[in-house]
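Given next are the chains, with one letter for each unit.
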Amino acid sequence: VLSFPISIMPCKPAIASMSVGRAWVHSLPEKLSQIAQAGFKGVEIFYEDLEYLAKEKGEPTEENLLIAARETKDICDRHGLEVIGLQPFLFYEGLLDRDVHQQKIAKLHTWFKIVKILGTDIIQIPSNFQPDGISGDLDLIVSDMIEVADLGLQQEPPVRFAYESLAWGTYVSTWNTMWEIIQRVDRPNFGCCLDTFNIAGRVWADPASPSGTVPDADALLAQSLDRLVKTIDVKKVFYVQVVDAEKMEQ
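Residues numbered from 1 in each chain as written. Predicted model: local features only at pLDDT ≥ 70, side-chain atom pairs only at ≥ 80, totals over all residues. Heavy atoms only, no water.

Q: Even after reading the chapter, I still don't get the overall build of the protein, so can you show me in this structure?
A: Per the secondary structure count, the protein includes eight helices and eight strands. Taking 2.2 N^0.38 as the reference for a compact globule, 250 residues should give roughly 18 Å; the C-alpha atoms of the protein span a radius of gyration of 18 Å, in line with that estimate. By residue count, 46% of the 250 residues in the protein fall in the buried class. Long-range contacts, defined as pairs at least 24 residues apart, comprise 73% of the intrachain contacts of the protein with a sequence gap of at least 6. Here the protein displays about 12400 Å² of accessible surface, and carbon together with sulfur accounts for 54% of that area. Of the side chains in the protein, 23 bear a positive and 36 a negative charge, and the two mean positions are spaced by 5 Å. (Helix = DSSP H or I, 4+ residues; strand = E, 2+ residues; numbered from the N terminus. Rg over C-alpha atoms; globule rule 2.2 N^0.38 Å. Buried < 20%, exposed > 50% of the residue type's maximum accessible area, 1.4 Å probe, protein only. Contact = heavy atoms within 4.5 Å. Areas by Shrake-Rupley, 256 points an atom, 1.4 Å probe, with all protein chains shown as cover. Lys, Arg positive; Asp, Glu negative; His and termini not counted. Charge placed at Lys NZ, Arg CZ, Asp CG, Glu CD.)

Q: What am I meant to see in the pairing of strand β5 (residues 122–126) here?
A: Put simply, side chains in a regular strand alternate between the two faces of the sheet. Most of β5 is tucked away: five of the five residues are buried. What joins β5 to strand β6 (residues 160–164) is helix α5 (residues 138–153), and the crossover it makes is right-handed. (Right-handed = clockwise from strand over helix to strand, strands pointing away.)

Q: Explanation requested: the packing of α5 against helix α6 (residues 175–185) in the structure shown.
A: Axis angle and axis distance: for two packed helices, these are the angle between their axes and the distance between the axes, and together they describe the pair. The N-to-C vectors of α5 and α6 enclose an angle of 55°; their axes lie 9 Å apart at closest approach. As summarised for this structure, α5 and α6 are arranged oblique, according to the angle between their axes. The handedness of the crossing between α5 and α6 is right-handed. Packed against α5, whose contacting residues are Leu138, Asp139, Ile141, Val142, Met145, Ile146 and Ala149, the element α6 presents Thr177, Glu180, Ile181, Arg184 and Val185 at the interface. A class-by-class count of the residues in the contact of α5 with α6 yields eight nonpolar, one polar and three charged. (Axes fitted to C-alpha atoms, helices over the stretch in contact; angles between N-to-C directions. Parallel < 35°, antiparallel > 145°, perpendicular 65-115°, else oblique. Left-handed = near helix turned anticlockwise from the far one by under 90°. Nonpolar A, V, L, I, M, F, W, Y, C, P; charged D, E, K, R; others polar.)

Q: What exactly am I supposed to notice about the pattern of salt bridges here?
A: On inspection of all chains with the given rule, the structure shows 10 salt bridges. Across the pair Glu62 and Lys113 runs a salt bridge, and its minimum N-O distance is 3.0 Å. Taken together, the positions of Glu62 in helix α3 (residues 62–79) and Lys113 in helix α4 (residues 98–118) put the pair 51 residues apart, joining distant regions of the chain. Its relative accessible area of 33% is what places Glu62 among the partly exposed residues. When its relative accessible area of 40% is taken as the criterion, Lys113 is described as partly exposed. One salt bridge in this structure joins Asp139 and Arg184, with 2.4 Å as the shortest N-O distance. (Salt bridge = Lys/Arg side-chain N within 4 Å of Asp/Glu carboxyl O.)

Q: Please explain the environment of Asp97 as it appears in this structure.
A: Here Asp97 is to be found in the loop between β4 (82–87) and α4. Put simply, Asp97 and Ile134 are 37 residues apart on the chain and 8.1 Å apart in space, counted from C-alpha to C-alpha. At 3.0 Å, the side chain of Asp97 forms a polar contact with the backbone nitrogen of Asp99. (Polar contact = N/O pair within 3.5 Å; in protein donor to acceptor, adjacent residues only side chain to side chain.)

This is the structure:
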């Protein structure tokens, strides 16, 4: 995953730590070293990497997570790497069990501490893809997102949220629905992450098809991208992920 934070062009290229290998195989310090050696100046930290680093010190408690975050920031500083964001804050919006929702909010306060240590102001929230226990009620989803956005505005410095529509999201799987939610949330710190894989994976691809694509895939994707460019305010695009994929045999 190549991540590009967007404000005013030109963009700054970065790479996601997950793209250099999963945490149970490759340690975060080694991956950061390899990222720097490859010439990158920015990195998007995958929470899983921090969690595994924290587990080296015992349980992934808040204390150990913050220690892992400080270690990560020190390594990034030594390598001249800027942390552009922390992701993914999973399974948040639309939860039917509001006690679980409150547990997520409590976890978010730990994430606020982590991003401050890492020196970034972006937390990415992917759309919820749990098969049950969640609602597709946009009013509830918008309300949940307003809650985190307002909490982010209370931080010093403020924290931004990049919402991402996953192609396999249970209810929010297209950029169109994602954009509707962003507009309704209407907070300056609530925008989106645009991901080439998730856009194409929902409109262009069909893993059950022999060709791997839907009928008229290229035309449908071109039309979707044309609407996207005309619809989404670039100021609400906090960064872009350029991601490829391989068609699997199964």
